[in-house]
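Tertiary structure, described
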Amino acid sequence: MINVLVEGIKKKQAPILVGLDPMLSYIPQYLQQEAIKEHGETLEAAAEAVWRYNKEIVDAICDIVPAVKPQSAMYEQFGIPGLSVFQRTVEYCKEKGLVVIGDVKRGDIGSTSAAYAAGHLGKVQVGSTKLSVFDEDFITVNPYLGSDGIQPFIDVCREEKKGIFILVKTSNPSSGEFQDQKINGKPLYELVGEHVAEWAESCMGDAYSYVGAVVGATYPEMGGVLRKVMPKSYILVPGYGAQGGTAKELAPYFNEDGLGAIVASSRGIIAAYRQPAYEKYGERGFAEAARQAALAMKEDIDHIF
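Summary of the structure given here. These numbers come from a predicted model, not from an experiment.

Regarding its fold elements, the chain presents 12 helices and 12 strands. For a compact globule of 305 residues, the expected C-alpha radius of gyration is about 19 Å, and the chain comes in at 19 Å, within 12% of that figure. Judged by the C-alpha coordinates and their principal axes, the chain covers about 60 × 55 × 40 Å. Across the 305 residues in the chain, those meeting the buried criterion constitute 55%. Considering only contacts in the chain between residues 6 or more positions apart, those separated by 24 or more positions represent 72%. Accessible surface computed for the chain: about 13200 Å², of which carbon and sulfur atoms make up 52%.

As a further point, take the packing of helix H9 (residues 188-201) against helix H10 (residues 220-229). With their axes 9 Å apart at the nearest point, H9 and H10 run at an angle of 30° to one another. Judged by the angle between their axes, H9 and H10 are roughly parallel. The two elements H9 and H10 cross, and the hand of that crossing is right-handed. Taking contact as the criterion, the partners of Tyr-189, Glu-190, Gly-193, Glu-194 and Ala-197 in H9 are, on H10, Met-222, Val-225, Leu-226 and Val-229.

Let us look at a nonpolar patch on the surface. The grouping of Ile-109, Tyr-144 and Leu-145 at the surface amounts to a nonpolar patch, some 350 Å² of accessible area in total. Tracing the sequence through the fold places Ile-109 in the loop between strand S3 (99-106) and helix H6 (110-120).

One non-glycine residue, Gln-13, adopts positive backbone phi at about 50°. By the element assignment, Gln-13 lies in the loop between helix H1 (2-12) and strand S1 (16-20). Here the phi dihedral of Asn-184 falls at roughly 55°; this positive angle occurs in a residue that is not glycine. Following the sequence through the fold, Asn-184 ends up in the loop between strand S8 (182-183) and strand S9 (186-187). Note on Asn-184: relative accessible area 81%, which makes it exposed.

About the thresholds
Residues numbered from 1 in each chain as written. Predicted model: local features only at pLDDT ≥ 70, side-chain atom pairs only at ≥ 80, totals over all residues. Heavy atoms only, no water. Helix = DSSP H or I, 4+ residues; strand = E, 2+ residues; numbered from the N terminus. Rg over C-alpha atoms; globule rule 2.2 N^0.38 Å. Buried < 20%, exposed > 50% of the residue type's maximum accessible area, 1.4 Å probe, protein only. Contact = heavy atoms within 4.5 Å. Areas by Shrake-Rupley, 256 points an atom, 1.4 Å probe, with all protein chains shown as cover. Axes fitted to C-alpha atoms, helices over the stretch in contact; angles between N-to-C directions. Parallel < 35°, antiparallel > 145°, perpendicular 65-115°, else oblique. Left-handed = near helix turned anticlockwise from the far one by under 90°. Patch = residues over 30% accessible without salt bridge, like charges linked within 9 Å, V, L, I, M, F, W, Y side chains within 5 Å. Salt bridge = Lys/Arg side-chain N within 4 Å of Asp/Glu carboxyl O.

As structure tokens, this is what we get:
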């Protein structure tokens with residue numbers, strides 16, 4: 001899938017990843033009320049509102065961006081109905097030609113990681129039949145448990161030609177409490193990056209590996225260092241826009257050919273209708289506002305090359 005992702009970025013000339021992180025507070029009241037009218041004040045109503053919201057946004061942006069990133073927690077909070085909508089969203093996005101990066105941040109001891117990898121990227125065996133479950137193209141993975149927690153994901157990636165993005169330097173303000181601590185003179189995030197580079201070499205697509213990295217847009221100097229440490233890994237860059245990352249800070253994450261990174265924006269796009277710049281679209285124009293925000297992001301990023 002890394003080859004598909006890179007080709008999608010080239011074709012649409014948009015290294016943009018739209019985060020489908022639908023908090024109920026983002027969803028227009030009319031959609032919520034319609035769902036409540038049909039299902040009552042239930043988890044099913046919340047999930048139905050999320051689905052309708054997602055579908056309209058996906059329809060509005062699928063021709064201009066190559067990929068989306070549904071954050072599983074935003075669905076899990078609504079229980080089984082929410083998980084069903086997560087799966088439905090993944091399926092619909094793939095039908096619309098989008099690469100799907102499941103933001104699930106999994107990682108555990110080997111056998112548990114193997115189960116996570118099977119459920120999200122691979123297949124499970126039921127009798128004589130192998131079945132896909134959530135079936136994302138990529139997922140995010142936490143490396144804190146070390147190599148035996150990562151290897152099961154790499155094994156499935158190699159088998160299924162899918163990918164992972166490993167957390168290396170995250171965009172949140174307190175990330176440095178652990179990630180910046182020095183070990184033998186190097187910050188922990190750099191040591192993690194070196195391991196990612198090794199894992200990447202063992203699981204290659206054409207020009208880039210199935211093993212990528214997450215490096216926040218809020219730390220461009222570190223991003224530049226890690227771009228050199230992990231030459232074969234695509235970098236998923238969260239933190240643009242709402243978290244404070246700006247386009248002028250993104251250049252270090254990319255290679256000279258404009259490839260090597262994909263920049264994520266969630267509420268800055270999916271809740272754009274709530275911003276002054278897009279308020280003219282109103283609640284019922286939320287999907288068109290999302291499209292315009294994605295186009296503005298594309299133009300903004302174009303200026304760094």
